[in-house]
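Inside the fold
Residue strings, one per chain:
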Amino acid sequence: MVRRLAVLLAAAVILSGCTEQRLFAVKAVAAGVPSLAPFFEEDGSLGTDETKLRPEQAHSGLQQGNTPGLYGGTQKPKVCDVDRLKDFLTDPRNRQKAREWARIVGITPDRIEGYIDDLTPVLLRHDTLVKNHDYKKGKAVAFDALLEAGIAVLVNDQGLPAVKCSCGNPLQSFDKDPEKISVKFEDGNKKWDGYEKSDVVTVKPSPQPLEQIALIDVDDPDQGINRPVGSSGENDEPFDATKEHAVPRVTGMTFDQASQRLSELGLAAMSSDGLPSGDAAVTGSDPGPGTELRFGEAVTLSVADDGEEPGTPPKSDPSKGPRTDDPASDDPTSGEPTTVGPTTDEPTTDDPSTSDPTTEDPDTGDPDTGDPSSSEPTTDRPTTGEPTTSEPTTAVPTTPTTSSTPPTVEPTSAEPTSAEPTSADPTSVEPTRSEPVTSEPASSEPGSPGAPASAEPAAGPA
């Protein structure tokens with residue numbers, strides 16, 4: 001009997017460990033390697049990849065489609081033959097393929113030509129996670145894929161990969177937790193030089209539709225290319241990618257507004273905790289306003305904790321120096337210096353983008369789909385470990401009590417309750433837990449940004 005119990009306990013531990021370590025299989029797709037079941041025969045006539053382009057180190061694992069320098073371009077002949085793709089999908093002999101292709105894209109077959117005309121050919125500069133689609137037995141078959149840097153894709157006006165150029169396969173956004181993937185290098189797709197799992201990128205929609213995309217010339221990284229959306233390179237405008245731009249003042253803006261403003265100057269926006277919700281209030285930036293950065297460099301934005309109560313002053317972190325902006329006050333010249341760190345007064349408040357790394361459902365790993373308001377640290381502590389009833393008649397007669405002081409765990413004790421750090425007084429703060437809780441930013445996938453508040457178009461760097 002004891003032996004059976006030991007075996008059952010061991011099995012339970014193993015199963016628990018497997019659940020916590022559950023990984024999602026992702027198929028590696030190397031540049032220049034043909035697909036086994038493509039929509040369009042990969043003979044080099046539809047598009048070509050840059051097979052010698054090494055992956056760039058990513059600012060963060062989650063990037064918005066308007067990030068300057070996210071994609072690359074080239075002055076070489078077309079990397080995507082858009083006209084040939086349209087001819088193929090509108091050919092009556094390929095009617096079934098066209099129906100499946102349009103179904104994945106979310107349009108009707110008669111809109112294929114117009115849809116493709118609005119796409120823009122670019123080259124991936126990062127190993128990028130997508131949902132790819134093969135064509136098997138008359139149906140589109142979805143699979144999660146990691147596309148190698150150098151692969152040519154068509155992106156839409158939100159900066160999202162939409163078509164793999166060399167085979168015509170439709171692409172969708174990756175919708176699982178990028179921290180819980182297992183990349184499979186098989187079917188001729190060997191592990192490429194420069195591959196690092198930590199540099200894998202997932203692209204999220206731009207806060208606003210793009211009018212042009214700011215690219216890095218893959219043949220000359222000091223040169224940039226402004227490419228109008230829906231064009232194939234014929235209207236490219238080069239610019240100096242070494243020119244520096246001053247970080248603007250973004251405190252008080254929403255994350256989407258700040259991201260848009262930085263993008264217009266050729267700077268990337270990121271957060272230390274993934275991508276927050278688009279309407280999260282920005283409380284500071286690192287580096288601060290006035291710092292000169294060259295095209296494509298990143299500015300880390302700090303945002304207010306969505307779970308904090310209005311008017312809660314931000315915490316102070318002396319290690320990062322004073323901050324000149326207090327987002328909780330109308331007076332920017334407040335004499336109480338604050339920092340770019342956590343803005344909640346409660347040390348146990350979780351960052352809104354934090355998720356439980358052991359969550360089994362991968363779709364919940366997206367930080368933007370989480371409900372940051374579900375964390376209520378100001379009510380959890382006082383309601384645990386304290387009696388829910390009070391007996392004022394049992395208190396020591398010589399010790400005056402007030403209605404706001406709950407009894408201790410042992411009501412018959414003569415020890416005063418005022419010294420207990422677990423007081424029900426919601427304004428008290430336990431001094432030994434003053435350090436803010438940090439989290440792994442990559443443990444969750446951001447979600448869709450909120451509605452843009454800026455009226456200026458995402459036109460790339462000035």
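The rules we used
- Residues numbered from 1 in each chain as written.
- Predicted model: local features only at pLDDT ≥ 70, side-chain atom pairs only at ≥ 80, totals over all residues.
- Heavy atoms only, no water.
- pLDDT = per-residue confidence, 0-100.
- Helix = DSSP H or I, 4+ residues; strand = E, 2+ residues; numbered from the N terminus.
- Contact = heavy atoms within 4.5 Å.
- Buried < 20%, exposed > 50% of the residue type's maximum accessible area, 1.4 Å probe, protein only.
- Pairing = 2+ DSSP bridges.
- Phe/Tyr/Trp six-rings, centres within 6.5 Å; stacked < 30°, edge-to-face > 60°.
- Core = buried A, V, L, I, M, F, W, Y, C linked by side-chain atoms within 4.5 Å.
- Axes fitted to C-alpha atoms, helices over the stretch in contact; angles between N-to-C directions.
- Disulfide = S-S within 2.5 Å.
- Salt bridge = Lys/Arg side-chain N within 4 Å of Asp/Glu carboxyl O.

Take the confidence of the model for the protein chain next. Within the protein chain, residue pLDDT values average 74, and 61% of them lie at 70 or more. The least confident element of the protein chain is helix H6 (residues 377-380), whose mean pLDDT is 40; the most confident is strand E8 (residues 161-164), at 98. When the criterion is pLDDT under 50, residues 16-20 qualifies, and its contacts beyond four places in sequence or with other chains add up to 2 contacts.

All right, on to the environment of Cys-80 then. Of note, Cys-80 is situated in the loop between strand E3 (71-73) and helix H2 (82-90). Linking Cys-80 and Pro-121, residues 41 residues apart in sequence, is a C-alpha distance of 6.1 Å. Residue contacts for Cys-80: discarding those within four places in its chain leaves Leu-46, Gly-47, Pro-121, Ala-152, Val-153, Leu-154 and Cys-165.

With 6 of 6 residues buried, strand E12 (residues 212-217) is to be regarded as a mostly interior element. Inspection of the sheet shows E3 paired to E12 by 2 bridges, in the parallel sense. Looking at the pairing, Gly-73 lines up with Asp-217 of E12. Pairing of E12 with strand E13 (residues 223-228) involves 5 bridges; the strand directions are antiparallel. Across the sheet, residue Leu-215 finds its bridge partner in E13, namely Ile-225. Taken together, E12 and the strand that follows it, E13, pair antiparallel across an intervening segment of 5 residues.

Attention shifts here to the packing of aromatic side chains. One pass over the structure, following the stated rule, counts 7 aromatic pairs. An angle of 55° between the planes, with centres 5.1 Å apart, marks the rings of Phe-39 and Tyr-135 as tilted. Of this pair, Phe-39 sits in the loop between strand E1 (24-29) and strand E2 (62-64) while Tyr-135 sits in strand E5 (residues 128-136), and the two are 96 residues apart along the sequence. Summarising the burial analysis for this pair, Phe-39 and Tyr-135 share the class buried. Their ring planes at 70° and their centres at 5.3 Å tell us that Phe-185 and Trp-192 sit as a pair that is edge-to-face. Using a relative accessible area of 25% as the deciding quantity, one classes Phe-185 as partly exposed.

It is characteristic of soluble globular proteins that their nonpolar side chains tend to be buried jointly. Leu-85, Leu-89, Trp-101, Ile-112, Ile-116, Leu-154 and Val-163 are the most contacted members of the largest nonpolar core, which totals 27 residues. Contacts of Leu-154, omitting those with residues within four sequence positions, involve Cys-80, Val-82, Leu-85, Leu-119, Thr-120, Pro-121, Leu-160, Pro-161, Ala-162, Val-163 and Cys-165.

Take the sheet that holds strand E19 (residues 298-303) next. With mixed pairing, 3 strands are arranged side by side in an open sheet as E16-E19-E17. Of all the strands in the sheet, just strand E16 (268-270) and strand E17 (282-286) have a single pairing partner and so form its edges. For this sheet the average axis-to-axis angle between neighbouring strands, irrespective of direction, equals 35°. Summarising the sheet, E16 and E19 pair through 3 bridges and their orientation is parallel. By the bridge assignment, Ala-269 is partnered in E19 with Val-299.

Glancing now at the state of the cysteines. Counting across every chain of the model gives 1 disulfide. Across the disulfide, Cys-80 is cross-linked to Cys-165 (sulfur-sulfur distance 1.6 Å). With the S-S dihedral at roughly 80°, the linkage between Cys-80 and Cys-165 falls on the right-handed side. Taken together, the residues Cys-80 in the loop between E3 and H2 and Cys-165 in the loop between E8 and strand E9 (172-173) connect sequence positions 85 residues apart. Exposure class is identical for Cys-80 and Cys-165. Each is buried. Left without a disulfide partner, Cys-167 is nearest to the cysteine sulfur of Cys-165, which lies 8.9 Å away.

Here we come to the pattern of salt bridges. In total, this model carries 13 salt bridges according to the counting rule given. Close ionic contact of Asp-83 with Lys-86 constitutes a salt bridge, the shortest N to O distance being 3.7 Å. With Asp-83 and Lys-86 both in helix H2 and 3 residues apart, the pair spans about one turn of that helix. Overall, the relative accessible area of 43% leaves Asp-83 in the partly exposed class. By relative accessible area, Lys-86 is classed as buried at 11%.

Now for the sheet that holds E3. The mixed open sheet is built from 7 strands, whose spatial order is E8-E7-E4-E3-E12-E13-E14. Two strands bound the open sheet, and with one partner strand each, they are E8 and strand E14 (237-240). Averaged over all pairs of adjacent strands, the angle between strand axes in this sheet comes to 50°, irrespective of strand direction. Here 4 bridges tie strand E4 (residues 120-124) to strand E7 (residues 152-155), and the two strands are oriented antiparallel to one another. Across the sheet, Leu-123 pairs through a bridge with Ala-152, a residue of E7.

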